[in-house]
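Tertiary structure, described
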Amino acid sequence: MNVYDWLSHMDVPVSQRFDVVEVKFKGGRKEYFRNINQLEFITGDYVVCEMASGQHIGTVSLQGELVRLQMKRKGVVINDDMHVLYRIATEKDLDKHTQAMAREMPTLYRTREIIREMKLNMKLSDVEFQSDNTKTTFYYSSEERVDFRELIKSLASEFKVRIEMRQISLRQEASRLGGLGSCGRELCCSTWLTDFKNISTAAARYQNLSLNPAKLSGQCGRLKCCLNYELETYIDALRDIPTVDAPLKTKKGNAFLQKTDIFKKIMWFGFDKDTNWYPVAISKVMEIMELNKKDIIPESLEILTPQAEKSLDRAPGKINSDLENLDKKYSEEQKKKKKKKSRSGKNKNNANKPQASSPQKTD
């Protein structure tokens, strides 16, 4: 909801400044006002704004050329009916505004009691008093149409102000109240997300997420908005993955698709009476599907499967080479043993032979 004014360091002549200012109110609501008096503002200043009935105080959130871009993006048109800014809020204005805000929570609790007494099927989430205490806006959510004519009469006589009932969606309610998501960060809708797009369970299916409502739902009770953040990436990755409508036929049996690892390009298959799952590369899956179309049944998936483990990752040639190495090793050991035996036999024969006597010297 906060916007960084990256043009604030540029000095623009007063005559060329864009005379519309963006003002932020309670709950992140933003409106645009004409600065006809050419007042000097700093972002965060409290200003007194013209409303349809009376005055209201908000904070300056953006000014200058960026306001023109924001209005163009939101489709807001400048016309003579646009409200104006009166002045920078004084201490007296701020005291009135503080008193009006102090009335909001007691009014919220009392209105909920009245709704409960009238047995209306609606949920009151927030109350906003205008700074001059002449108007009160009640924000509520309901899944059906509510006849609150009697409620408005009761509230007008109770609080002595003009009443406006504004229905909001569950997502807008969560954005106004705020909170922390399951990721540990502030809710996207209460910090930066302004456009609420439709989200379906297909987004969870594309991303191989378990269809558990408790994990997929946000604080508003609807599907989480973050399910759409990476959806396009998953859809692009799924273009290279074949659609397996029927089980793969092998001599070992029919292999059924159990799981797909989208980014590793591996599909896991399992047999009817086998609890193990076998990973098969996408290229190999397409080969087996082509063979099945030609009524050719391969031996099994293990032969074509690129296993991650060493024992399963070896090709038949590697296995044969290992056996040959073992044969060479044992044959060399046997040769060494034979050589040792022959040497020991020769030593024994030499020891049994009579030694020649050396000639004695005579004086």
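Now for a look at the structure at hand. Quantities reported herein were computed from a predicted structural model and do not represent experimental measurements.

**Examining the overall build of the chain**
Tallying secondary structure elements over the chain gives 13 helices and twelve strands in all. Counting every position in the chain, which comprises 363 residues, the buried fraction comes to 31%. Taking as baseline every contact in the chain between residues at least 6 positions apart, the subset at least 24 positions apart corresponds to 58%.

**Let's talk about the sheet that holds strand β1 (residues 20-24)**
The strand order across the open sheet formed by five strands is β2-β1-β4-β3-β5, and the pairing between neighbours is antiparallel. Either end of the sheet is taken by a strand with one partner, and the two such strands are β2 (30-34) and β5 (85-88). Neighbouring strand axes in the sheet, compared pairwise and without regard to direction, differ in orientation by 45 degrees on average. Pairing analysis gives five bridges linking strand β3 (residues 46-50) to strand β4 (residues 55-63), with the strands arranged antiparallel. What sits directly across from V47, in β4, is G58.

**Section: the nonpolar core**
Ranked by size, the top nonpolar core spans 18 residues in total, and within it M122, L124, F138, L151, L155 and M165 carry the most contacts. Ranked by size, the runner-up nonpolar core spans 15 residues in total, among them Y234, A237, V244 and I282.

**Quick look at helix α3 (residues 104-118)**
Taking 1.5 Å of rise per residue, 15 residues should cover 21 Å, and α3 covers 21 Å from first to last C-alpha, within 8% of that figure. Turning to α3, its buried residues number three or more, namely E104, T107, L108, T111, I114 and I115. Within α3, the buried residues cover an arc of 130 degrees as seen down the axis, which keeps them to one side. Among the exposed residues of α3, those pointing more than 90 degrees away from its buried face are R116 and E117. Positive backbone phi, approximately 55 degrees, marks K119, located one or two places after α3.

**Digging into the pairing of strand β11 (residues 266-270)**
Bridge count for strand β10 (residues 253-261) against β11 is five bridges, and the pairing is antiparallel. Its bridge partner lying in β11, T260 is registered against M267. What sits between the antiparallel neighbours β10 and β11 is a turn of four residues, in which K265 has the positive phi angle 60 degrees. Taking the residues that link successive antiparallel strands as the turn, the β11-strand β12 (residues 277-281) hairpin has six residues.

**A word on the packing of aromatic side chains**
Within a pair of aromatic rings, the relevant descriptors are the distance that separates the centres and the angle that separates the planes. Summed over all chains, the structure comprises five aromatic pairs. Taking the centre distance of 6.1 Å and the plane angle of 75 degrees together, the rings of F25 and F33 count as edge-to-face. With a centroid separation of 5.8 Å and an interplanar angle of 65 degrees, the aromatic rings of F271 and Y278 are classed as edge-to-face. Residue classification places F271 among the buried residues on the basis of a relative accessible area of 9%. Owing to a relative accessible area of 11%, Y278 belongs among the buried residues under this scheme. One cation-aromatic arrangement involves R176 over Y139; the distance from NZ or CZ to the ring centre is 3.8 Å.

**Some details on the pairing of β12**
Within a regular strand, side chains alternate between the sheet's two faces. Counting buried positions along β12 gives four out of five residues, so the element sits mostly inside the fold. For β11 and β12, the ladder comprises five bridges, and the chain directions are antiparallel. Paired with G270 across the bridge in β12 is W277.

**Observations regarding the environment of E31**
Examined against the element boundaries, E31 turns out to sit in strand β2. For E31, a relative accessible area of 25% puts it in the partly exposed group. For E31 and S61, which are 30 residues apart along the polypeptide, the C-alpha to C-alpha distance reads 9.9 Å. Setting aside its immediate chain neighbours within four residues, E31 contacts V21, E22, V23, F25 and M51. Looking at E31, its side chain comes within polar contact range of the side chain of R29, at 2.5 Å.

**Looking at helix α2 (residues 91-102)**
Taking 1.5 Å per residue, twelve residues should reach 16 Å; α2 reaches 16 Å between its end C-alpha atoms and fits that length. Listed as buried for α2 are D93, H97 and A100. What you see down the axis of α2 is that its buried residues fit within an arc of 60 degrees, all on one side. Exposed and oriented more than 90 degrees from the buried face of α2 are E91, K92, T98, Q99 and A102.

**Section: the side chain of S175**
The topology assignment puts S175 in helix α5 (residues 170-177). Within polar-contact distance, the side chain of S175 engages the backbone oxygen of Q172 at 2.6 Å.

Rules behind the numbers
- Residues numbered from 1 in each chain as written.
- Predicted model: local features only at pLDDT ≥ 70, side-chain atom pairs only at ≥ 80, totals over all residues.
- Heavy atoms only, no water.
- Helix = DSSP H or I, 4+ residues; strand = E, 2+ residues; numbered from the N terminus.
- Buried < 20%, exposed > 50% of the residue type's maximum accessible area, 1.4 Å probe, protein only.
- Contact = heavy atoms within 4.5 Å.
- Pairing = 2+ DSSP bridges.
- Axes fitted to C-alpha atoms, helices over the stretch in contact; angles between N-to-C directions.
- Core = buried A, V, L, I, M, F, W, Y, C linked by side-chain atoms within 4.5 Å.
- Expected span 1.5 Å × (residues − 1).
- Arc of directions from axis to C-beta.
- Phe/Tyr/Trp six-rings, centres within 6.5 Å; stacked < 30°, edge-to-face > 60°.
- Lys NZ or Arg CZ within 6 Å of the ring centre and 35° of its normal.
- Polar contact = N/O pair within 3.5 Å; in protein donor to acceptor, adjacent residues only side chain to side chain.

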